[in-house]
Amino acid sequence: MKHFLPLAAFLSAATLNAQYGTFDKAAVAKAKSTSTVVLRDAGDTPFNRELMNAVKADWRFTANPDFVPITDLVTAPMDPGKTYLVKLRKTDKEKHTATFLALVQGWKMKKGEMLNVEDNAVTNVPPAQELASILIDAALMDNGGGAMLGVYVKSLQDFLKQVEAGKITDKTTADRLYASRNRLVKDMELWVAKDQLDKSLPDVAAIKETYTHDVKVMDYAQLMAAVRNSQPGVALADVVITGDYKTKWCFRRVFNASTGELMYLRDEAALFDKKMGFIADDFRILEQSR
């Protein structure tokens, strides 16, 4: 099974911030016949409730998923006949740390091999076992942003669908597919939360200097309402910021609120609190997309 991209490259590349995983269509086809274990946080958390709702409503990749605490991984080995929907946390050599929601293929663990679970995330899953992963803001999932898990769950499955269909076969085809969806944003209402805009874009008027299509700026709670409704015709902005001081990085994405399809992605350094959200250049790219 091939790995899409190591974390170090992922965190420094400008077009691969949102989603990655295997390019092996046979691995995806095989995974569809497994049973999926959804690993929830230890204890009762908003993340647990939102993830359970998302999986029950929209998980179609495998049948009859089971929900167990992530702490079970400490005492029970991975099962090669199962897949696992789990939070992963990774840190690269440059000290960039990020959390992902991932579908992982189980494997036969070696004698003495154990999984490290820290703060409800696994830190040592072999990259070759990742079928699909998507960057998340773990803290936000427990503080008003958990509805985005519904979008993320659908987006993971869209990635797997594209790999199985042969439309994503490598990094280049993945980039090309997501870029081809940029133009579709202009046919939808683009919804952006105020907190997702860099300070260089204070309001809709500033956005309209670059982007001439439908865009609404609203409170984050209103944005989450669109997510819960899976509202058709709406494109949702999404921002994840990782690190601090010398490692701060801003990841900007747009998803189809109804289907979860990733329609735009870009990332770059956000040092000195600059580029802390969508900037004019993002709207220029969307405006000029063909």
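In what follows, the structure referred to is the one given above.
About the cut-offs
Residues numbered from 1 in each chain as written. Predicted model: local features only at pLDDT ≥ 70, side-chain atom pairs only at ≥ 80, totals over all residues. Heavy atoms only, no water. Core = buried A, V, L, I, M, F, W, Y, C linked by side-chain atoms within 4.5 Å. Buried < 20%, exposed > 50% of the residue type's maximum accessible area, 1.4 Å probe, protein only. Helix = DSSP H or I, 4+ residues; strand = E, 2+ residues; numbered from the N terminus. Contact = heavy atoms within 4.5 Å. Salt bridge = Lys/Arg side-chain N within 4 Å of Asp/Glu carboxyl O. Pairing = 2+ DSSP bridges. 1 Å grid on protein atoms, 1.4 Å probe; cavity = no way out; pocket = protein on both sides within 12 Å on 5 of 7 lines; lining within 4 Å. Points joined across faces, edges and corners; volume = space filled by probe spheres on them. Nonpolar A, V, L, I, M, F, W, Y, C, P; charged D, E, K, R; others polar.

Caption draft 1: Molecular detail of the nonpolar core. Counting residues in hydrophobic clusters, the biggest one holds 47 residues, and the most contacted among them are L51, L85, L101, M148, Y152 and L236. Looking at which element gives the most residues to this core, the answer is helix α6 (residues 148-164), with 9 residues. Contacts of M148, omitting those with residues within four sequence positions, involve M141, Y220, M224, V227, D238 and F255. Counting residues in each nonpolar core, the second largest holds 21 residues, with V185, V192, V215 and A270 among its members.

Caption draft 2: Spatial organisation of the pattern of salt bridges. In the structure shown here, the tally under the stated rule is 19 salt bridges. Between K32 and E164 there is a salt bridge whose closest N-O contact spans 3.4 Å. With K32 in the loop between α2 (25-31) and β2 (35-40) and E164 in helix α6, this pair connects stretches of sequence that are 132 residues apart. Residue E164 is classed as partly exposed on the basis of its relative accessible area, which comes to 28%. The residue R266 makes a salt bridge to D282 at a minimum N-O spacing of 3.5 Å. Of the two residues, R266 is situated in strand β13 (residues 262-269) and D282 in helix α10 (residues 280-288); the sequence distance between them amounts to 16 residues.

Caption draft 3: Fine view of the pairing of strand β5 (residues 97-105). Across the 9 residues that make up β5, a large majority, 8, are buried. The sheet contact formed by strand β4 (residues 82-91) and β5 spans 9 bridges and is antiparallel. Bridge assignment links L88 to a residue of β5, and that residue is F100. Two strands pair when backbone bridges link them, and β5 and strand β8 (residues 130-136) are joined in this way by 6 bridges, in the antiparallel orientation. For L103, the partnering residue across the bridge sits in β8 and is A132.

Caption draft 4: A look at the layout of surface pockets. Taken as a whole, the largest pocket holds about 240 Å³ of empty space. Lining the largest pocket, in full, are K32, D58, R60, F61, K154, Q157, D158, L160, K161, E164, T259 and E261. With 6 residues, the single largest contributor to the lining of the largest pocket is α6. For the lining of the largest pocket, the residue count by class is 2 nonpolar, 2 polar and 8 charged.

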